[in-house]
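Coordinates in review
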Amino acid sequence: MEKMTNIQDLPNKKRVVVIGGGFGGLKIASKLNPQYFQLVILDKNNYHQFQPLLYQVAIAGLEPSSISYPFRKNFQNKKHIQFRMCEATSVIPESKTVETTIGSITYDYLIIASGCDTNFFGNDSLKEKTIALKSVAEALYARNTILQCFEDSTTINDPIALEKLLTFIIVGGGATGVELAGALADMKKFVLPKDYPEINFDHMRIVLIDASKRLLSGMSEHASASASEVLKKRGVEIFQEVFVTSYENDIVNLNDGSTFVSKNVIWVAGVAANSLVGFQKETYGRANRIIVNEYCQIGTYKDVFALGDTAYMACKKYPNGHPQVAQVAIQMAKLVVENLEKTETNKTPNAFEYQDKGSLATIGRNAAVADLHKLHFGGRIAWLLWLFIHIFIIVGVKNKVVILLDWAWNYVTYDVSLRLLIRPKLKIPPNNIIPK
């Protein structure tokens, strides 16, 4: 099959197709040698989104534009890189072809870095009725839903209806769940009483539900205990070793028989890889991740790679695969780029070995936890370190400045100024006739 006519071939350069413009995809774009390769990046959005801060968009702490960066602007001065906004649907490795929503694209090398999406563990009802938090669009929907509940609470007298509006259920005790719970607790204390003096926020509940034995299960026990202690002190109710079985008619049912009433159920309980179909069944491992070897290669295909959240590489240190965090994707991307160049220059490729640089999670104002190798600490120092690292790795100088200014303003004033309800305008039928 011929290559797509709207993708320009560069002479004497192998075509590398990358599916996904997340942390791994951007690292490939920054490191790939234009002497040997041309790069085609495919993504369903025309921008990179900084997922670790999506929860701050959801609580109106940051604007979505400050954590997003256009791909085309990022690649303006890189003539060997072409971007296409589309969704990859399948791969045909035998013909070196990727099927997409804009047609077929052939490759010399294919790198699947498509990340992951929210895992509802097969419960389609929860998928339809809860709020996910894996994209800018979902974060904006969450922001609108949360703010609308406070607006509605000013006009409600019925205590049961008010309880539903002011109860926020967060399902999942990982980093996103903990950070979101802490941020909502800060809003409850510092921001919302000033905006809505007519509401008694003693009635506002923030409930964190986690199926595991401890919060932040991917971090140290010290970090888990510290996070739990801080959240409880800030009024967050924590329920562990239980899971949600259903959510119907504003009622959340748990497996132990307990229930909650709420119109705000935010699901951050797990992730599943956005893996492409086209490989043999045994190629797919846990949570739909693609099984790769120590070189990130898929099966017997030496020209097809997977990395980051999509890849499942079992080893002695990580028998269940590497953690699905940004650093894994970045380090895998760097290795794949180095090995591609080694292949072109007839050198021996290197195997992947993950260098754990530590983990951080914020729990709200002046509170965070840090695991840096054998060093475990929390408090304001960990919080400042979390702020610095996130500013450092955000894409775009303007975004760095905007986020820094927003955070500084929020810290000094105990307030944010982004609490705007913005929805798409509904089209009015011709002649202003409203259908029945």
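Just so it is clear, the structure is predicted and the values come from calculations on it, not from any experiment.

1. A short note on the overall build of the chain
- Looking only at helices and strands, one finds 11 helices and 25 strands in the chain.
- Compactness check: the chain gives a C-alpha radius of gyration of 23 Å against a globular reference of 22 Å for 436 residues, within 12% of the reference.
- Viewed in the frame of its principal axes, the chain has a C-alpha envelope of about 70 × 70 × 45 Å.
- Relative to its full complement of 436 residues, the chain shows a buried share of 50%.

2. Observations regarding helix α10 (residues 380-393)
- Across its 14 residues, α10 extends 20 Å between first and last C-alpha, which sits within 8% of the 20 Å expected from 1.5 Å per residue.
- Of all the positions in α10, only Ala382, Trp383, Trp386, Leu387, His390 and Ile391 are classed as buried.

3. Overview of a nonpolar patch on the surface
- On the surface, Phe388, Ile389, Phe392 and Ile393 cluster together to form a nonpolar patch covering roughly 420 Å² of accessible area.
- Mapping phenylalanine 392 onto the fold places it in helix α10.

4. As for the sheet that holds strand β14 (residues 244-248)
- If you walk across this open sheet you meet the three strands as β14-β15-β16, and the pairing is antiparallel. Of all strands in the sheet, those with a lone pairing partner are β14 and β16 (259-261), marking the two edges. Direction aside, the axes of adjacent strands within the sheet are offset by 15 degrees on average.
- Two elements, β14 and strand β15 (residues 251-254), share four bridges in a ladder whose sense is antiparallel. Bridge assignment links tyrosine 247 to a residue of β15, and that residue is valine 252.

5. Focus on the pattern of salt bridges
- Under the defined criterion, the tally for this structure stands at nine salt bridges.
- Ionic pairing is found between lysine 96 and aspartate 303, a salt bridge with its closest N-O pair at 3.1 Å. With lysine 96 in the loop between β6 (88-92) and β7 (97-100) and aspartate 303 in strand β21 (residues 301-306), this residue pair connects regions lying 207 residues apart in the sequence.
- Put simply, lysine 129 and glutamate 248 hold a salt bridge, and the shortest N to O gap is 2.5 Å. Within this pair, whereas lysine 129 is found in helix α4 (residues 124-129), its partner glutamate 248 is found in strand β14, the two being separated by 119 residues in sequence.
- Looking at lysine 129, the relative accessible area reads 38%, which means it is partly exposed.
- Given a relative accessible area of 35%, glutamate 248 falls into the partly exposed group.
- Bridged by salt links that share partners, the residues Lys164, Asp250 and Lys263 form one connected network.

6. Quick word on the pairing of strand β24 (residues 367-372)
- The buried count for β24 comes to five of six residues, which makes it a mostly enclosed element.
- Pairing geometry for strand β23 (residues 359-364) and β24, over five bridges, is antiparallel. Directly across from alanine 361, in β24, lies its bridge partner valine 369.
- The pairing of β24 with strand β25 (residues 375-378) spans four bridges and is classified as antiparallel. Note that in β25 the partner of aspartate 371 across the bridge is histidine 376.
- Between β24 and β25, which pair antiparallel one after the other, the connecting turn spans two residues, and histidine 373 there sits at a positive phi close to 60 degrees.

7. Points about the nonpolar core
- Counting 60 residues, the largest nonpolar core has Leu53, Phe150 and Leu231 as the members making the most contacts within it.
- Top element by residues in this core is helix α7 (residues 175-195). It accounts for eight residues.
- With near-sequence residues (within four places) excluded, phenylalanine 150 lies in contact with Leu166, Phe168, Leu192, Tyr196, Ile199, Phe201 and Met204.

8. Some points on the side chain of aspartate 43
- Within the secondary structure, aspartate 43 is located in strand β2 (residues 37-43).
- Despite its burial, aspartate 43 pairs with no opposite charge; the closest candidate is lysine 44, at 7.1 Å N-O.
- Excluding residues that lie within four positions of it along the chain, aspartate 43 makes contacts with Gly20, Gly21, Phe71, Phe83, Arg84, Met85 and Cys86.

The rules behind each value
Residues numbered from 1 in each chain as written. Predicted model: local features only at pLDDT ≥ 70, side-chain atom pairs only at ≥ 80, totals over all residues. Heavy atoms only, no water. Helix = DSSP H or I, 4+ residues; strand = E, 2+ residues; numbered from the N terminus. Rg over C-alpha atoms; globule rule 2.2 N^0.38 Å. Buried < 20%, exposed > 50% of the residue type's maximum accessible area, 1.4 Å probe, protein only. Expected span 1.5 Å × (residues − 1). Patch = residues over 30% accessible without salt bridge, like charges linked within 9 Å, V, L, I, M, F, W, Y side chains within 5 Å. Areas by Shrake-Rupley, 256 points an atom, 1.4 Å probe, with all protein chains shown as cover. Salt bridge = Lys/Arg side-chain N within 4 Å of Asp/Glu carboxyl O. Pairing = 2+ DSSP bridges. Axes fitted to C-alpha atoms, helices over the stretch in contact; angles between N-to-C directions. Core = buried A, V, L, I, M, F, W, Y, C linked by side-chain atoms within 4.5 Å. Contact = heavy atoms within 4.5 Å. Lys, Arg positive; Asp, Glu negative; His and termini not counted.

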